[in-house]
Amino acid sequence: MEGSKKYIIIDFDSTFTKVEGLDVLAEIALENHPQKEQYLAEIKKLTQMGMEGKISFAESLNKRIQLLHAHKKHFPTLVAILKTKISDSFQRNKTFFELYKENILVVSSGFREFIEPIVTEFGILPQNIFANECVFDDQGNLIGYRPENVLSEDKGKVKLLKSLNLQGDVYVLGDGYTDYEIREAGLANKFYAFTENVERQTVTQKADHIAPSLEEFLYDNKLPMAISYPKNRINVLLLENIHPVAIEYFKQEGYTVEILREALDEDELAKKIKNVSILGIRSKTQVTRKVLENANKLMLIGAYCIGTNQIDLEACLEKGIVVFNAPYSNTRSVVELAIGEMIMLMRKIFDKSQKMHQGVWDKSAEGSFEIRGKKLGIIGYGNIGTQLSVLAESLGLEVYYYDIVEKLALGNAKKCKSLHELLALADIVSLHVDGRPENDNMISYAEFEIMKKGVIFLNLSRGSVVNTEALVQAIRTGKVAGAGVDVFLNEPKTNKDPFVSSLQGLPNVILTPHIGGSTEEAQANIGEFVANKTIQYINKGDTFGSVNFPNLQLPLQKNSHRLIHIHENVAGILAKINQVLAKNGINILGQYLKTNEKIGYVITDIDKEYNKQVIAELRNIPNTVKFRVLF
Ligand code: NAI
């Protein structure tokens, strides 16, 4: 704000504070009034009509005061409440108000009696507060306003601004139509519709600029602000019907969110990605190198699913784009299905139910067993395997497990030294290994051979780990008495494609379309998990749990700035960063570095106001991939 003097005109009700002062006063004053609800509704309506320009302001104010039944004694309570209702972005930016108090004018049609105690705490000068003034009777009842004050008149703000005759540029920030009128009258250079608390279409459509927060206003005017970047400028694109819980998180953060139900193809996404900072996908969207070449603002991809094969992770690394997924969020769902299937298979319920549908009553206990006391063999004691272990044990199963990695036994579970040992003792075998190539066909003819006769076999992990023909044979020979299979080597791409498998039509076999993890709860958990990871990365630089980035989990430094530097993993970058900082006399409060084969990730917390020069120098360090400054 150099050059000619600039004035910032700020509205009070619903801008400086989240609420309308008179509405709050009405709540207090009418607390015990028999017609409270009716009056409150009328007051709200009158406020609204005045704000939208549907009735004149004077008319609205007059009518409201009559309904208020307010008294002087109500004002201290009103002020105390309003102090707790300061708009969040105003609260964050107290320093701005202190620094620019000479330039800021609060112009409001509300009453000075409650405005002044609030805004002077922000450093606003009393002579820069323009508002209506209350008139009380001898008993202290609020009976009206001082009519000589132009702000009580229609187009009061316009009249006031005319009389102030400000010499310089004028910027207006407010949520109401009367704020826009200043601009309409040619008395302001720019009107910013402030939408953090309320959004009125009549106002936003007239605005020169929409400011969802004070930071947007400050950013647009190159004024200092509490955070490095207005969050509404962070564009989030969520594809493939991602759970609403994630959308809610992002809206709460103040991001601008666009949601599409379907996936986009490569060309569509390559076009759309240009302005996107955060992309959310599920399994159908292919994020290819071509898409990423267009993704110049993209900081993060959230895969709202388990797998990340649909994303070119290598290309993401080269562009400094971090990728998160949700590897654990559906663990419980898989475990519940496994347990349910064990019971159903041990009782041959599936076949019995099918017969019933065909009119056959086959009541018999033969070949039906409880799961209590049976030996469950879990292959792969990871997230799912361990959780299954705990739940199965509580149902009275005796749990054995085998894992290629040394894993802590939970509860009373017993570790098997070899796969062979496990297969030989288990009454139920449940597979929960990952799909690494070495695991292809890990359960085949030889493995079924070792299993006990009449074993129950479950595969809810990956289709590739079981030789289907070997399983078919084991079922046919009676080695396997029942099987639950949720995953297949060749799964149909869409619900419209047919499903074909040699397991079809076999007795006591439950086939499910890869839905082990597909529950509403899992979807919500995934939404929440990935959204949280995203916010942690954007706000703190945390990469813990990322699929492709070096994992760093970081403490938050108070009173510091955080510099995030992503570079190609070549020697000497850290030294270069520190040279730049040292040269500029900047003190490092904390520094964290982690690398992988491709990139280095450095976080530096510094205690000094940084300037543009330092930022430019850091950005220009050779091999820098991405650089950003946090708070
Ligand atoms: P995880 O990675 O936490 O656990 C896998 C465990 O298997 C690890 O402990 C690993 O050391 C072990 N392992 C790998 N190869 C092995 C081998 N040859 N022998 C013994 N142990 C071996 O994975 P998580 O989250 O528990 O998932 C397990 C499987 O379930 C994965 O294949 C995953 O794709 C699948 N899954 C299926 C779902 C469905 O809808 N049906 C949903 C979620 C996961």
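Preceding block: the structure.
Residues numbered from 1 in each chain as written. Predicted model: local features only at pLDDT ≥ 70, side-chain atom pairs only at ≥ 80, totals over all residues. Heavy atoms only, no water.

Caption draft 1: Representation of the pairing of strand 3 (residues 129-132) within the structure. As defined by bridge partners, strand 2 (residues 104-111) adjoins strand 3 across 3 bridges and the pair is classed as parallel. For Val107, the partnering residue across the bridge sits in strand 3 and is Phe130. Once the chain exits strand 2 it traverses helix 7 (residues 112-119) before rejoining the sheet at strand 3, and the crossover so formed is right-handed. (Pairing = 2+ DSSP bridges. Helix = DSSP H or I, 4+ residues; strand = E, 2+ residues; numbered from the N terminus. Right-handed = clockwise from strand over helix to strand, strands pointing away.)

Caption draft 2: Main features of the packing of helix 12 (residues 244-253) against helix 22 (residues 520-540). The contact between helix 12 and helix 22 brings their axes to 7 Å, and the two run at 25 degrees. Of the possible angle classes, the one that applies to helix 12 and helix 22 is roughly parallel. Note on packing geometry: the crossing formed by helix 12 with helix 22 is right-handed. In contact with Val245, Ala246, Tyr249, Phe250 and Glu253 of helix 12, helix 22 contributes Ala524, Gly527, Glu528, Ala531, Asn532, Thr534, Ile535 and Asn539. Split by residue class, the contact of helix 12 with helix 22 holds 7 nonpolar, 4 polar and 2 charged. (Axes fitted to C-alpha atoms, helices over the stretch in contact; angles between N-to-C directions. Parallel < 35°, antiparallel > 145°, perpendicular 65-115°, else oblique. Left-handed = near helix turned anticlockwise from the far one by under 90°. Contact = heavy atoms within 4.5 Å. Nonpolar A, V, L, I, M, F, W, Y, C, P; charged D, E, K, R; others polar.)

Caption draft 3: Region of the structure containing the site of the ligand. Surrounding the ligand, one finds 26 residues, the nearest of these being Asp403, Lys407, Val433, Asn439 and Asp486. Between an oxygen atom of the ligand and a main-chain N or O atom of Ile384, the distance comes to 2.8 Å. Contacts to the ligand include Gly516, whose backbone N or O atom sits 3.3 Å from an oxygen atom. Relative to its free-state accessible area of 860 Å², the ligand is covered by the protein chains to the extent of 87%. Class assignment of the residues belonging to the shell around the ligand gives a composition of 10 nonpolar, 10 polar and 6 charged. (Near = heavy atom within 4 Å. Polar contact = N/O pair within 3.5 Å; in protein donor to acceptor, adjacent residues only side chain to side chain. Areas by Shrake-Rupley, 256 points an atom, 1.4 Å probe, with all protein chains shown as cover.)

Caption draft 4: Seen up close, the pattern of salt bridges. If you walk through the whole model with that rule in mind, you get 34 salt bridges. The residue Arg436 makes a salt bridge to Asp434 at a minimum N-O spacing of 2.7 Å. Among the residues examined, Arg436 registers a relative accessible area of 33% and is labelled partly exposed. In this structure, a network of salt bridges that share partners links the residues Arg289, Asp312, Glu314, Glu318 and Lys598. (Salt bridge = Lys/Arg side-chain N within 4 Å of Asp/Glu carboxyl O. Buried < 20%, exposed > 50% of the residue type's maximum accessible area, 1.4 Å probe, protein only.)

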